[in-house]
Amino acid sequence: MAPIRGTRSTRNQVTWTCKAGHINDPQEHLLFDMPCFECRCGCGEKFDNDFEFFMGDVKVNNHDVIGEPMHQEGATCVAFAYAKIMESTKRMKAIIEKKDPDLVPVMSAEDLVHKYEKLIGNDTSTGIKKVVHMAQILKDQGIRSEDKKTLYKVSDISTIRRDDCESIASALGKGFPLHAGLRVGKNLQKLKFCQIYKPPHGSQFIAQRIPVKGHAVVLIGAGRKKGRWYYFFLNSWRRFCVRKDSRGKLLRYGVGFSAI
Ligand SMILES: [Zn+2]
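Residues numbered from 1 in each chain as written. Predicted model: local features only at pLDDT ≥ 70, side-chain atom pairs only at ≥ 80, totals over all residues. Heavy atoms only, no water.

Participant: What is the right way to read the coordination of the zinc ion from this model?
Facilitator: In an ideal tetrahedron of four donors about a metal, each angle is 109.5 degrees. In an ideal octahedron of six donors, the angles are 90 or 180 degrees. Around the zinc ion, the donor atoms from the protein are Cys18 (SG), Cys39 (SG), Cys41 (SG) and Cys43 (SG), and they sit 2.3 to 2.4 Å away. Bound by four donor atoms, the zinc ion shows angles of 103 to 122° at the metal and therefore tetrahedral coordination geometry. Donor residues for the zinc ion, ordered by position in the chain, follow C-x20-C-x1-C-x1-C. Of this pair, Cys18 sits in the loop between β1 (16-17) and β2 (23-24) while Cys39 sits in the loop between β2 and β3 (51-54), and the two are 21 residues apart along the sequence. (Donors = N, O, S within 2.8 Å, 3.2 Å for Na, K, Ca; no water. Tetrahedral: all angles 85-135°; square planar, octahedral: opposite > 155°, others 65-115°. Helix = DSSP H or I, 4+ residues; strand = E, 2+ residues; numbered from the N terminus.)

Participant: Before we go on, may I ask you to explain the packing of helix α2 (residues 109-120) against helix α3 (residues 127-140) in this structure?
Facilitator: The angle between the axes and the distance between the axes are what describe a pair of packed helices. For the pair α2 and α3, the least separation of the axes is 10 Å and the interaxial angle reads 105°. As summarised for this structure, α2 and α3 are arranged roughly perpendicular, according to the angle between their axes. Of the residues in α3, those touching α2 at Leu112, Val113, Lys115, Tyr116, Leu119 and Ile120 are Lys129, Lys130, His133, Met134, Ile137 and Leu138. Residues of the contact of α2 with α3, tallied by class, amount to eight nonpolar, one polar and three charged. (Axes fitted to C-alpha atoms, helices over the stretch in contact; angles between N-to-C directions. Parallel < 35°, antiparallel > 145°, perpendicular 65-115°, else oblique. Contact = heavy atoms within 4.5 Å. Nonpolar A, V, L, I, M, F, W, Y, C, P; charged D, E, K, R; others polar.)

Participant: Looking at this structure, how should I read the packing of aromatic side chains?
Facilitator: The geometry of an aromatic ring pair is captured by two quantities: the separation of the ring centres and the angle between the planes. Throughout the structure, instances matching the rule amount to 14 aromatic pairs. Here Phe54 and Phe232 contribute two aromatic rings whose centre-to-centre distance is 4.6 Å and whose plane-to-plane angle is 10°, an arrangement assigned as stacked. With a gap of 178 residues between them, Phe54 in strand β3 and Phe232 in strand β11 (residues 228-234) connect regions that are remote in the sequence. Here Phe54 and Phe232 have matching classes, each one buried. A ring pair is formed by Trp237 and Phe240, whose centres lie 5.8 Å apart and whose planes are at 80°; its orientation type is edge-to-face. One aromatic cluster is present, formed by Trp16, Phe32, Phe37, Phe47, Phe51, Phe53 and Trp229 through successive ring pairs. Residue placement shows Lys90 over the ring face of Tyr152; its charged tip is 4.5 Å from the ring centre. One cation-aromatic arrangement involves Arg239 over Tyr253; the distance from NZ or CZ to the ring centre is 4.9 Å. (Phe/Tyr/Trp six-rings, centres within 6.5 Å; stacked < 30°, edge-to-face > 60°. Buried < 20%, exposed > 50% of the residue type's maximum accessible area, 1.4 Å probe, protein only. Lys NZ or Arg CZ within 6 Å of the ring centre and 35° of its normal.)

Quick look at the structure:
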């Protein structure tokens, strides 16, 4: 049974016609239909319109998919991003099964940190090692909910190259939030709602002779404007990218945009 997708962005011009007149209908996915990125007639023409989608905008069967942003303690972003992915994936499943997603418990990032430390020992590793081992732990041991009543395991893990924007967008359109690393520059901390974060290039760290500093987030949307890709990401920093209405009422926080 297909979910009712609710309001969606009207900017999505996902059907397009190539110069030879072939009409390319979008590829249907669970949450968002993706444009066909290369013409199906074989002419080689590429889709070049703007498009955008964001899980936070979507109500599936009248429920919010993502739930509340998390708040990490210390340098535990990798575990918090995984905890959020597990929660939102289960929320999505509950919605499709016509259950209340708010009954899905919040997952314990601390549980994942604890299991990782038990497995690896005293941790002096780089982020990527943590990313890989924690994914393996989610498969082998699972993660507990904060109330300790639920244990979730993942059935499969896979990796998408960071420059494969079309595959990343397709996975998000299918309803899979993705674990991702951002390079941390001085503007990330003070990013404002509606600003696009531009991560520093890896060479800037080399030039300054400092180690690359990364931060784990959850990708929950993607878009392209004038041929340039960007992502919506969910951060686990308290009061990140706060958005208020004209009366000062808090509308949303935790979601940023990033160029790639
Ligand atoms: Zn064509």
